[in-house]
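Understanding the architecture of this molecule
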Amino acid sequence: MIYMIDTGIFRKLLDHFPKQGKLFQEIWEKLDKGIKAGDYLSVDECYNELIRHFDEKNPNYIWLYERRSMFHNPTNKESIYIRDLFQDAKMCENIHIKNIVENRPSADVYLAAKAKALGAIVVTTETYKPTSAQLPNICEAMGVKCISYDDFMEILSE
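A brief report on the enclosed structure follows. Model, not experiment: these values are computed from the prediction.

Overview of the overall build of the protein chain
- Each helix and strand in the protein chain was counted, giving 10 helices and five strands.
- In the protein chain, buried positions account for 44% of the 158 residues.
- Considering only residue pairs separated by 6 or more positions, the protein chain has 74% of its internal contacts joining residues 24 or more positions apart.
- Surface summary for the protein chain: the accessible area is close to 8,900 Å², and the carbon and sulfur share equals 51%.

Encoded structure:
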């Protein structure tokens, strides 16, 4: 199974999940193994969101840069999924004016579209809220399965 990892998951792991200790190191090794196997992917917009927060000498920046190949650009097929999604005015609310004005990346729709194209599962810290345009709602609209950080950590710890 392929898992599309959202920015919030990376932030939680990089900023709060210990890298020392046998059990923690095993999780990091499993994550790296899954990245190398192509089981854990993300999108270029997530990479852009993440690196904005770190100096180039920061260990988290280096970790991300060394795994740059796991972050993918959208295909034409995915662009059509995104176009179709944005026919719904509610879903357009996902792209915030502030992001447009400040040229800030916004990964949600790209993650869902990539997951749809690959038959993957999205992993996010966001929760479903009725009448919202957050990532779980986008996944629902695209027919994509979405799981939580805790669900993903359970997968990593198997």
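Details of the pairing of strand β2 (residues 40-43)
- The alternating pattern of β2 places Y40 and S42 on one face and L41 and V43 on the opposite face, and all of these are buried.
- As judged from the two bridges shared by strand β1 (residues 3-5) and β2, these two strands associate in the parallel manner. Bridge pairing in β2 places M4 opposite L41.
- Here β2 runs beside strand β3 (residues 71-72); their pairing, made up of two bridges, is parallel. Opposite S42, over in β3, you have F71 as the bridge partner.

Topic: the pattern of salt bridges
- Tallied over the full model, the rule gives five salt bridges.
- Note that R68 is salt-bridged to D44, the shortest N-O span being 2.5 Å. Placement of R68 in the loop between α4 (59-66) and β3 and of D44 in helix α3 (residues 44-51) is noted, with a sequence separation of 24 residues between them.
- Look at the salt bridges and you will find they share partners, linking D32, E66 and R67 into a network.

Regarding the packing of aromatic side chains
- Applying the stated criterion across every chain yields a total of 10 aromatic pairs.
- Residues F17 and F24 carry aromatic rings whose centres are separated by 5.2 Å and whose planes lie at 85° to one another, so their mutual orientation is edge-to-face.
- On the basis of relative accessible area, F24 is assigned to the partly exposed category, the value being 34%.
- Taking 5.2 Å as the distance between ring centres and 55° as the angle between the ring planes, the aromatic pair formed by Y47 and F71 counts as tilted.

Structural notes on the environment of V122
- Mapped onto the elements of the fold, V122 is located in strand β4 (residues 121-123).
- Apart from residues lying up to four places away in sequence, V122 is in contact with M4, L111, A112, A115, L135, C139, V144, K145, C146 and I147.

Quick notes on helix α9 (residues 135-142)
- Among the eight residues of α9, six are classified as buried, and the element is accordingly described as predominantly covered.
- The set of residues buried in α9 consists of L135, P136, N137, I138, C139 and M142.
- Positive backbone phi, approximately 75°, marks G143, located one or two places after α9.

Parameters at a glance
Residues numbered from 1 in each chain as written. Predicted model: local features only at pLDDT ≥ 70, side-chain atom pairs only at ≥ 80, totals over all residues. Heavy atoms only, no water. Helix = DSSP H or I, 4+ residues; strand = E, 2+ residues; numbered from the N terminus. Buried < 20%, exposed > 50% of the residue type's maximum accessible area, 1.4 Å probe, protein only. Contact = heavy atoms within 4.5 Å. Areas by Shrake-Rupley, 256 points an atom, 1.4 Å probe, with all protein chains shown as cover. Pairing = 2+ DSSP bridges. Salt bridge = Lys/Arg side-chain N within 4 Å of Asp/Glu carboxyl O. Phe/Tyr/Trp six-rings, centres within 6.5 Å; stacked < 30°, edge-to-face > 60°.

Geometric values such as these leave the question of function open.
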